[in-house]
Amino acid sequence: MDTIDPIHVQVLAAILFALGLTAVVTRRNIFFLLMGVELMLNAVNLSLIGFARTLPAAQGSLTGHIVPLFTIAVAAAEACVGLAMVICITRGKDTVDADAFADMKE
Amino acid sequence: MAAEIMPTASLLALLAPVILLLVGGLAALGSEPFLDRKAKHTWLPWVVALAAVAGLVSLAWTPVGQVHGLLALDTARTWLVGAVLASTAIGIAGLQQSLSRDEFEGGEPYALMAFAGVGAAIMVMAADLLALFVGLEIASLSIYALVGLRRDRLDSHEGLFKYFIMGAVFSAIFLYGLAMTYGATGSTAYGAPVIAGREKLLLLGHALVILGLLFKVGAVPFHAWSPDAYTGAPVAVTGFMGSVVKVGGFAALGAIWLNASATASGSHVGGVLPLDAAVTLTAQGAALLKPFSMIFLVLGLVSVVIGNFSALRQVSIRRLVAFSSVAHAGYMLFALALPVLADQGTSTVQLGSLWYYLVGYAVATAGALTAVAALSGKTDDGDQLHLLAGQGRTQPFYGLVLTIFVASFAGLPPTIGFLGKFLIFGDLVGKGYVVWAIVTMLLAIVGAAFYLKLLVSLWSAVGKEAASAGSSIMTRWTVAAAAIAVVVLMACPDILTRPGMALAGPEPVKAAQAP
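Just so we're clear, the structure is a prediction, and the values are computed from it rather than from any experiment.

What counts and how
- Residues numbered from 1 in each chain as written.
- Chains lettered and ligands numbered in written order.
- Predicted model: local features only at pLDDT ≥ 70, side-chain atom pairs only at ≥ 80, totals over all residues.
- Heavy atoms only, no water.
- Helix = DSSP H or I, 4+ residues; strand = E, 2+ residues; numbered from the N terminus.
- Rg over C-alpha atoms; globule rule 2.2 N^0.38 Å.
- Contact = heavy atoms within 4.5 Å.
- Buried < 20%, exposed > 50% of the residue type's maximum accessible area, 1.4 Å probe, protein only.
- Areas by Shrake-Rupley, 256 points an atom, 1.4 Å probe, with all protein chains shown as cover.
- Lys, Arg positive; Asp, Glu negative; His and termini not counted.
- Charge placed at Lys NZ, Arg CZ, Asp CG, Glu CD.
- Phe/Tyr/Trp six-rings, centres within 6.5 Å; stacked < 30°, edge-to-face > 60°.
- Lys NZ or Arg CZ within 6 Å of the ring centre and 35° of its normal.
- Patch = residues over 30% accessible without salt bridge, like charges linked within 9 Å, V, L, I, M, F, W, Y side chains within 5 Å.
- Salt bridge = Lys/Arg side-chain N within 4 Å of Asp/Glu carboxyl O.
- Expected span 1.5 Å × (residues − 1).
- pLDDT = per-residue confidence, 0-100.
- Buried area = accessible area lost by both parts, 1.4 Å probe.
- Polar contact = N/O pair within 3.5 Å; in protein donor to acceptor, adjacent residues only side chain to side chain.
- Axes fitted to C-alpha atoms, helices over the stretch in contact; angles between N-to-C directions.
- Parallel < 35°, antiparallel > 145°, perpendicular 65-115°, else oblique.
- Left-handed = near helix turned anticlockwise from the far one by under 90°.
- Nonpolar A, V, L, I, M, F, W, Y, C, P; charged D, E, K, R; others polar.

## Some details on the overall build of chain A
Consideration 1: Within chain A, the secondary structure is distributed over three helices and zero strands.
Consideration 2: In chain A, the order of α-helices and β-strands from amino to carboxyl end is α-α-α.
Consideration 3: Here chain A has a C-alpha radius of gyration of 18 Å; the compact-globule value for 106 residues is 13 Å, and the former is much larger.
Consideration 4: Counting only C-alpha atoms and orienting by the principal axes, one finds that chain A spans roughly 55 × 30 × 30 Å.
Consideration 5: Contacts in chain A between residues far apart in sequence, at least 24 positions, make up 56% of those at least 6 positions apart.

## Things to note about the overall build of chain B
Consideration 1: Counting its secondary structure elements, chain B contains 19 helices and four strands.
Consideration 2: Relative to its length of 515 residues, chain B is compact, with a C-alpha radius of gyration of 21 Å against a globular reference of 24 Å.
Consideration 3: Considered along the principal axes of its C-alpha atoms, chain B spans approximately 65 × 50 × 40 Å.
Consideration 4: Burial status across chain B gives 66% buried among its 515 residues.
Consideration 5: For chain B, restricting intrachain contacts to residue pairs at least 6 apart in sequence, the fraction spanning at least 24 positions comes to 79%.
Consideration 6: When the accessible surface of chain B is summed, it comes to about 16300 Å², and 73% of that surface belongs to carbon and sulfur atoms.
Consideration 7: Between the averaged position of the 26 positive side-chain charges in chain B and that of its 24 negative side-chain charges there is a distance of 5 Å.

## Examining the packing of aromatic side chains
Consideration 1: Enumeration according to the criterion identifies 20 aromatic pairs over all chains in this entry.
Consideration 2: Residues Phe 215 of chain B and Trp 225 of chain B carry aromatic rings whose centres are separated by 5.3 Å and whose planes lie at 40 degrees to one another, so their mutual orientation is tilted. Of the two residues, Phe 215 of chain B is situated in helix H7 (residues 199-217) and Trp 225 of chain B in helix H8 (residues 225-232); the sequence distance between them amounts to ten residues. The burial state of Phe 215 of chain B is the same as that of Trp 225 of chain B; both residues are buried.
Consideration 3: Taking the centre distance of 6.4 Å and the plane angle of 90 degrees together, the rings of Tyr 331 of chain B and Phe 425 of chain B count as edge-to-face. In this pair, Tyr 331 of chain B sits in helix H11 (residues 317-337) while Phe 425 of chain B sits in helix H16 (residues 416-430), placing the two residues 94 residues apart along the sequence. The same class applies to Tyr 331 of chain B and to Phe 425 of chain B, which are both buried.
Consideration 4: Here a set of aromatic residues connected by ring pairs shows up, and it is made of Tyr 144, Tyr 163, Phe 164, Phe 170, Phe 215, Phe 222, Trp 225 and Tyr 230 of chain B.
Consideration 5: Sitting above the plane of the Phe 32 of chain A ring, Arg 27 of chain A keeps its charged end 3.9 Å from the centroid.
Consideration 6: Between the NZ or CZ atom of Lys 93 of chain A and the centre of the ring of Phe 101 of chain A, over which it lies, the distance is 5.4 Å.

## A closer look at a nonpolar patch on the surface
All names here are of chain B.
Consideration 1: Nonpolar side chains collect at one region of the surface, where Val 429, Val 434, Ile 438, Met 441, Leu 442 and Ile 445 lie side by side and expose about 550 Å² of accessible area between them.
Consideration 2: Among the elements that take part in the nonpolar patch, helix H17 (residues 434-459) stands out by supplying five residues, more than any other.
Consideration 3: Of note, Ile 438 is situated in helix H17.

## Brief notes about H11 of chain B
Consideration 1: End to end, H11 of chain B covers 30 Å across 21 residues, agreeing with the expected 30 Å (1.5 Å per residue, within 8%).
Consideration 2: With 21 of 21 residues buried, H11 of chain B lies mostly within the body of the structure.

## Here's the deal with the pattern of salt bridges
All names here are of chain B.
Consideration 1: One pass over the full model with this rule turns up twelve salt bridges over all chains.
Consideration 2: We note a salt bridge from Asp 102 to Arg 101, for which the minimum N-O separation is 3.1 Å.
Consideration 3: For Asp 427, the salt bridge is made with Lys 431, and the minimal N-O distance between the two is 4.0 Å. Here Asp 427 and Lys 431 have matching classes, each one buried.
Consideration 4: When salt bridges that share partners are traced, they join Glu 158, Lys 162, Asp 228 and Arg 319 into one network.

## Some details on the confidence of the model for chain B
Consideration 1: Counting all residues, the mean pLDDT for chain B is 86, and 91% of those residues have values of 70 or more.
Consideration 2: Per-element averaging of pLDDT across chain B places helix H19 (residues 509-512) of chain B at the bottom with 34 and helix H4 (residues 108-125) of chain B at the top with 96.

## Brief notes about the confidence of the model for chain A
Consideration 1: Per-residue pLDDT for chain A averages 88, and the proportion of residues at 70 or more is 92%.
Consideration 2: By mean pLDDT, the top-scoring element of chain A is helix H1 (residues 6-26) of chain A (94), and the lowest-scoring one is helix H3 (residues 63-93) of chain A (92).

## Notes on the side chain of Gln 96 of chain B
Consideration 1: Along the chain, Gln 96 of chain B falls in helix H3 (residues 75-102).
Consideration 2: Contacts of Gln 96 of chain B, omitting those with residues within four sequence positions, involve His 41, Thr 42, Pro 45, Trp 46, Arg 101, Tyr 110, Ser 472 and Met 474 of chain B.

## Quick look at the interface of chain A and chain B
Consideration 1: At the interface, 46 residues of chain A touch 41 residues of chain B.
Consideration 2: When chain A packs against chain B, the two sides together hide about 3600 Å² of surface, and 78% of this comes from carbon and sulfur.
Consideration 3: Looking only at chain A, the three residues that lose the most surface to chain B are Phe 51, Glu 78 and Met 104 of chain A, adding up to 18% of its buried area.
Consideration 4: Linking chain A with chain B are zero salt bridges.
Consideration 5: Linking chain A with chain B are two residue pairs in polar contact (both at pLDDT 80 or more), by the criterion used here.

## Thoughts on the packing of helix H5 (residues 129-147) of chain B against helix H9 (residues 235-264) of chain B
All names here are of chain B.
Consideration 1: Their axes nearest at 11 Å, the elements H5 and H9 cross at an angle of 165 degrees. By the angle between their directions, the pair H5 and H9 is classed as roughly antiparallel. Two packed elements cross with a definite hand, and for H5 against H9 that hand is left-handed. Contacts from Leu 129, Leu 132, Ile 143, Leu 146 and Val 147 in H5 reach Val 237, Phe 240, Met 241, Val 244, Val 245, Ala 252 and Ile 256 in H9.
Consideration 2: Counted by class, the contact of H5 with H9 contains twelve nonpolar, no polar and no charged residues.

## Quick look at unusual backbone geometry
Consideration 1: The residue after Val 220 of chain B, namely Pro 221 of chain B, is reached through a cis peptide bond having omega 5 degrees.
Consideration 2: Tracing the chain through its elements places Pro 221 of chain B in the loop between H7 and H8.
Consideration 3: Even without being a glycine, Asp 94 of chain A presents a positive backbone phi close to 60 degrees.
Consideration 4: The phi dihedral of Glu 103 of chain B falls on the positive side, at around 50 degrees, and the residue is not glycine.
Consideration 5: What makes Glu 103 of chain B exposed here is its relative accessible area of 54%.

The following block contains the structure:
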């Protein structure tokens, strides 16, 4: 097997997305949560580019190449706000453990 | 009736209201470093609020149409964008109230609020998942920053942290849904026809997109963030985010739902579907969509139950509003799901009652929290029920407008909230869901109980002195305008679906309710 089928790209994207989601759900360090989110967004980019190759020519597959550009910009802005958030909240509590931020009552 | 195609409009003309608000926000951001602290809270809010009002006025001249299949404006969208701009102006007034009282060192929150309004307006105008995603992120990123505004407060940190992480995850889930929808249709436009053999992929993609949006509107089971984020935010931001995020999220949900109805019935002819369109659902389309609308109905009912019962125990107005917003999301899910359900084979999908409820909810929420910001005195913690006791008597104006907004939440006449609930319950009965209507009605009475508790506390004669640190002209004007709108809009329920200039008009909402 020496070619990469489109389905392989999708499987890889799904695995990366699942890994990112798992990191967000299980890791307790805030930086790992942010990295998990980034991994999810990049998995989606891979998926979009993979889909662009599977579409019939009539559909014009350019969208799949353009959307990731938007996603990259959004991911950068999100990382920006996320790191600003980390600075802000570690000034209050001096920890990057996510469990430390669970004081509010139901 | 086949779905109509919208005419093409010029980009600048269509976006004029949004551009005005954006320019206001940029002007505020650019001039912020050159002003001293007092001037920041005097001039910047006026710049942004006037820009929002100018955008609101310009809506009267904005054409109906669509641009490149990305953005569109029709009668319903015009009203929803109007609700976003009005909420922005009201939110700015409340923000000025809180920030000038706290002598907050920066003036950038006004610009952030303008940008959040721009994002929500783009979400409403979006006719394409990519435009929706960009609008969603513009709104979300600005609102994350607004939630964390009180940098020295631990509860603010916690609200921001939870909201940001969950929001980022659900944005990624939404985006994965976008990718799958693109993979299945070759396009990111709403309601694009599916490529043969990829129906399951489309279904999964739409499910993920809807999941992401349900989080944004705070419906059960994705509501866990809302009480903490709402409490962590300053009072004025709570009202603002409660209204604009809901408008954007439900507008997007409704647009996707309407397009899915048209596509599933085979009546989607390409182009952009107006939000006030009436789509005739064929038996085949109904069979496809019915399971989803049953899920929406169940989620709606659970939202109403959890929202109303949890709100009963709250003492902070912000937390109370958070849970009541979960309940309101439930009613709006009813309005979303019901048009698809019918006794016989075919039905007409017309989301007029959802848009109507949404506009009323947005204006009332923004107005109520801005009034609370004015009433709550020296700190934001003054929004506790026992601290508000008797404040209605010391400040009768804010007491009165808050009473009007709360009456609208509770669904009492003569407010827009009454008619919104009436249309939904009428629809439930008309579609044969009498038991659901009775149960929901009883739950609405539970909801009315905690609104009543708030009003009793507000007007009780405990004889305290006024807790207020004074209120600005802008706060008084905007909440007064919002209160008038809440009452006056009740008189014209079909206004949101009244035909636009170039569009064939669907029937008024009321006529559609007849069983």
